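# A structural walkthrough
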Amino acid sequence: MTTTTLGTDQRPAPTAANPHPGSSARAVAVGDALRLGLARGGLEIRQFFRSRVQMFFTFSMPVVMLLLLASIYPGSVPGTGATYQQIFTTGMLGVGVMGTSLQSLSLQIAGERKNGTLKRLRGTPLPKSSYFIGKTLVVLASSLGQAAVLLTVGRLFFGVRLPVDAEHWFTFAWVYVLGIVGCSMLGIAYSNLIRSADSGAVVMLPMLVLQFISGVFVIFSQLPKGLQTAASFFPLKWICQGLRSALLPEAYARSEPAGTWEHGRIALVLGLWAVAGLVLCLRTFRWKGREDG
Amino acid sequence: MPNQQTAIRVRGLRKSYRDVVAVDRIDLDVATGEIVALLGPNGAGKTTVTEILEGFRSRDAGELSVLGADPDTGGAAWRDRIGIVLQKSGDFELITVEEVLRQFARYYRRPRDVDEVLDAVGLTDKRRTRTGLLSGGQRRRLDVGLGILGNPELLFLDEPTTGFDPEVRRQFWDLVGSLRDDGTTILLTTHYLEEAEHLADRVAVVHQGRLVAVDTPARLGGRQSARAAVGWTDADGPHELLVDDPTRTVLDLAARFGGEVPELTVSRPTLEDVYLSMIELSTTEGAQS
C-alpha cells in the first residue's frame, strides 16, 4: 500500500499563502472545507464498506422488498405501457434514496454523538461543513451502489429499461443527486431529535407513512386526493415521480396527477428541501449530546 | 505575569448543573511551557474545568483566556493550536491506526509527521491494526497520539494513563517529558499522585468544585517544611521521632551508636499524605460552612 505522507511541507499554511484578509481568505477557507470534506468522505466510505452488516442490509433490503412486491402484483397498469414491476422498481429506488440518506444517516449521527466521534472532531479545526460534505459523499456512494443493484435486478427479472437516452440519464442524475443532498441535510438535522442509536422507531414510523402516501407501494394517482396533497409537501413523492420520468415509457406521464412529469416542479420542491435542510442543519446541528451540558 | 506568557488564565470560574455546584469560583494561571496537574477525587470537578477550558462546556460565570481567546468563541485557528485527549473514546473502530492519524493530520496546518507520532506513542507495529481491535492501553495511546498530532502549543490530557501498565505509564511519562522540552504547555488531570509528582511543575488540588491548593509537588501543603520522621531500631525495638531538624537527630544517633544506625529511615510526608489530609480538611470545612 502506498500512502501519501502528509508532512508539513505538503500543506502550505493558508495564512502564509494568503496574507490578504477578506474575500481571498474566505475563498481559502471554502477551499479548505471542500478539501477536508473530500477527505472525510473517503474515510466515511471506507468505514461503510468495512461494516459488512450495514452494507449487506443497505444493499439487500430494497431488493428483497422489490422481489416481494413484484411477485404480489404481476401485470401491467392499464393504458400506460408500464408494468407494476417497473413502477415498483422506481419506487424502491426512491425508498433507497431516503433510506440511505435521511434514515440511516440520522441514526448514524446520533450514534456518533453518543460514542464520542463528534466530540473528538469538535476538538479539532475541522469545519462543520466538511463533516456534512463527508456524510453526503458516503450517502451518495452507498445509495448509488444500492441503485446499481436495484437496476440490475429490475433489468434482469422485471423488464426495467435503463434510461433510454442521455436526456433521461440526465433526469435520473439530477433527481437522484438533488434527492440525496436534500435528504442528507434533513437526516443530519433530524439526528438532533434522536437520543440514541437504538431508538430507530423515531425514524422508522415517519418513513413508513411517507412511503405509503408517496406512492411507493401503490400507484400514486390511485391514492386518495388528501394523501396525494399531503405527500406533495415532502421530497419522496417528487423523487419517485422524477425517477419514473427517467425510467418509464413516456406514455406513463398521462397517469401522473398533473398528466405530465412536472420536471420544473420536481426540481423546485427538491431544491427547496435541499436549501431548507442545509439551513436547518447549519442552525440546529449540535456536536454535543444532551447530557454533555 | 505578562499576558503573552500566560497560556491559561481563569478567574472566578463557576458552573452548576441544576442545583449541584460543580465548579465553585476557581482561579488558576498556567504559564506558557508549564505543566500543571489537576488532582482530586472522582467528581471533584476536574473534568468539568478541563472541558470548559477546551470549549466543550459552557460556564455560568468567570473570566477565561486560553491562548488569548475565550474558549466559547474559539474558532478553527484557535483549535489548530490546542490538542485534546478526552477521558474516553470509542469512535472509528473500523479504521486502522495509521489511517486515523493520516486523516486527522489533514485537519491541522502544521501536523507532526505521522510516523514520528506512531513511534512516540509506541504504536508503530500496530499501524495496520483496526482501532477496534486495540487493547485498552493501546487505544489510549492512540488518543494521546491524536492529541499531539497537530503540534499543539497547549495540550489537555484528561486522565491519560488510566488502564496503563506501569511500563507503558513510564513510556508515557517520557513522552510528556519530551513535549515539555519542546515547550508545550500541558494541563493534566489525574488521580495518580505519583504521576502528578513526576510530571507536573505545579499541582492544583480540586475538591468539591473548589481549588484547595496550588503549589509545586515538593511544597504542596507545606510539605517541604513539615516535620520529618526519623526511625531506627535498638535493643528495645523500633523507634520513631518527629523532628524539625532531622540532620541533627541523625548525627546524634550516629554518635550514640558509634557509627551505623540500625535500620535508619528519614522520611517527609509523601504527596499522598499531604493530599489526603487536604481533602479531609476541606471536607470538614465544607461540612461546617
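Remember, it's a predicted structure, so these values are computed and weren't measured experimentally.

### Here's the deal with the overall build of chain B
Scanning chain B from terminus to terminus reveals nine helices and 12 strands. Overall size of chain B, expressed as C-alpha extent along the three principal axes, is 70 × 50 × 35 Å. The 289 residues of chain B split such that 38% are buried. Across chain B, the fraction of contacts at a sequence separation of at least 24, relative to all contacts at a separation of at least 6, is 66%.

### Some details on the overall build of chain A
Scanning chain A from N- to C-terminus turns up 11 helices and zero strands. When its helices and strands are written in sequence order, chain A yields α-α-α-α-α-α-α-α-α-α-α. Here chain A holds 293 residues, and the buried ones make up 40% of them. Within chain A, residue pairs in contact and separated by at least 24 positions form 80% of the contacts whose partners lie at least 6 positions apart.

### Quick notes on the confidence of the model for chain B
Residues and elements named next belong to chain B. Taken residue by residue, chain B gives an average pLDDT of 89. The fraction at 70 or more is 97%. Looking across chain B, the model is least confident in helix 9 (residues 271-288), with a mean pLDDT of 77, and most confident in helix 3 (residues 97-105), with 96. Scored as a complex, the prediction yields pTM 0.83 and ipTM 0.83.

### Re helix 11 (residues 263-284) of chain A
Residue and element names in this part refer to chain A. If you check helix 11, its first and last C-alpha atoms are 31 Å apart, about what 22 residues at 1.5 Å a residue would give, namely 32 Å. Three or more residues of helix 11 are buried, namely I266, V269, L270, W273, A274, G277 and C281. Buried residues of helix 11 fall within an arc of 135 degrees about the axis and therefore sit on the same side. Within helix 11, the exposed residues directed more than 90 degrees away from the buried face are G264, L268, L272, V279 and R283. Lining the buried residues of helix 11 we find helix 6 (128-157), helix 7 (166-190) and helix 10 (235-247).

### Description of the interface of chain A and chain B
With 26 residues of chain A at the contact, the number on the chain B side is 28 residues. Of all elements in the fold, only helix 2 (23-50) and helix 5 (117-122) of chain A reach the threshold of two or more residues within the side of chain A that touches chain B. Looking at the side of chain A that touches chain B, the element that brings in the most residues is helix 2 of chain A, giving six residues. Along the lines of polarity and charge, the residues of the side of chain A that touches chain B split into eight nonpolar, 11 polar and seven charged.

### Observations regarding the domain arrangement of chain B
Residue and element names in this part refer to chain B. By the assigned domains, chain B splits into domain 1 (3-221) and domain 2 (222-288). Computed from C-alpha coordinates alone, the two centres of domain 1 and domain 2 are separated by 35 Å. Elements with a contribution of two residues or more to the side of domain 1 that touches domain 2: helix 7 (193-199), strand 8 (202-207) and strand 9 (210-215). Grouping the amino acids of the side of domain 1 that touches domain 2 by side-chain chemistry returns nine nonpolar, three polar and two charged.

### Some words on the pairing of strand 6 (residues 154-158) of chain B
Look at any regular strand and the pattern is simple: side chains alternate between the two faces of the sheet. All names here are of chain B. Buried residues dominate strand 6, accounting for five of its five residues. Of the two faces of strand 6, the one carrying L154, F156 and D158 and the one carrying L155 and L157 are both buried. Pairing analysis gives four bridges linking strand 5 (residues 82-85) to strand 6, with the strands arranged parallel. By the bridge assignment, V85 is partnered in strand 6 with L157. Note that strand 6 and strand 7 (residues 185-190) share five bridges and pair parallel. Looking at the pairing, L155 lines up with I186 of strand 7. Read as a crossover between parallel neighbours, the route from strand 6 over helix 6 (residues 166-181) to strand 7 is right-handed.

### With respect to the pairing of strand 3 (residues 35-39) of chain B
Residue and element names in this part refer to chain B. In terms of residue burial, strand 3 counts as a mostly covered element, since five of its five residues are buried. Because side chains alternate across strand 3, one face comprises the buried residues I35, A37 and L39, and the other comprises V36 and L38, equally buried. Alignment of strand 3 against strand 7, held across five bridges, turns out to be parallel. Pairing of A37 across the sheet is with L188, part of strand 7. Relative to strand 8, strand 3 runs parallel, the two being bridged by four bridges. Counterpart to A37 in the pairing with strand 8 is V203.

### A look at the sheet that holds strand 10 (residues 228-234) of chain B
Residues and elements named next belong to chain B. Taken in spatial order, the three strands make up an open sheet running 11-10-12, and their pairing is antiparallel. Edge positions in the sheet fall to strand 11 (237-243) and strand 12 (265-267), since each of these pairs with one other strand and no more. Taking the axes of each pair of neighbouring strands and ignoring which way they run, one obtains an average angle of 20 degrees across the sheet. Sheet topology places strand 10 next to strand 12; three bridges connect them, and they run antiparallel. Residue pairing in the sheet places A229 in a bridge with S267 of strand 12. Its contacts with the sheet put helix 8 (residues 246-257) on strand 10, strand 11 and strand 12, and the angle it makes with strand 10 is roughly 15 degrees.

### Topic: the confidence of the model for chain A
When pLDDT is averaged along chain A, the result is 84; 89% of the residues meet or exceed 70. Between residues 1-21 of chain A, whose pLDDT stays under 50, and residues either more than four places distant or in other chains, the model counts 20 contacts.

### Some details on unusual backbone geometry
At A:E262, a position not held by glycine, the phi torsion is positive, near 55 degrees. You can call A:E262 partly exposed: it has 18 C-beta atoms within 10 Å.

### Structural notes on the environment of A:G242
Residue and element names in this part refer to chain A. Tracing the backbone through its elements, the reader meets G242 in helix 10. For G242, a count of 28 C-beta atoms within 10 Å translates into the label buried. The spatial distance from the C-alpha of G242 to the C-alpha of T152 is 19 Å, given a sequence separation of 90 residues. Setting aside its immediate chain neighbours within four residues, G242 contacts T171, V175 and I266.

### Quick notes on helix 3 of chain B
Within helix 3 of chain B, nine of the nine residues are buried, which leaves the element mostly enclosed by the surrounding structure. Of all the residues in helix 3 of chain B, the buried ones are B:V97, B:E98, B:E99, B:V100, B:L101, B:R102, B:Q103, B:F104 and B:A105.

Conventions adopted
Residues numbered from 1 in each chain as written. Chains lettered and ligands numbered in written order. Predicted model: local features only at pLDDT ≥ 70, side-chain atom pairs only at ≥ 80, totals over all residues. Helix = DSSP H or I, 4+ residues; strand = E, 2+ residues; numbered from the N terminus. Buried ≥ 20, exposed ≤ 12 C-beta atoms within 10 Å, placed from the backbone. Contact = placed C-beta atoms within 7 Å. pLDDT = per-residue confidence, 0-100. Expected span 1.5 Å × (residues − 1). Arc of directions from axis to C-beta. Nonpolar A, V, L, I, M, F, W, Y, C, P; charged D, E, K, R; others polar. Domains from an automatic or database assignment. Pairing = 2+ DSSP bridges. Right-handed = clockwise from strand over helix to strand, strands pointing away. Axes fitted to C-alpha atoms, helices over the stretch in contact; angles between N-to-C directions.

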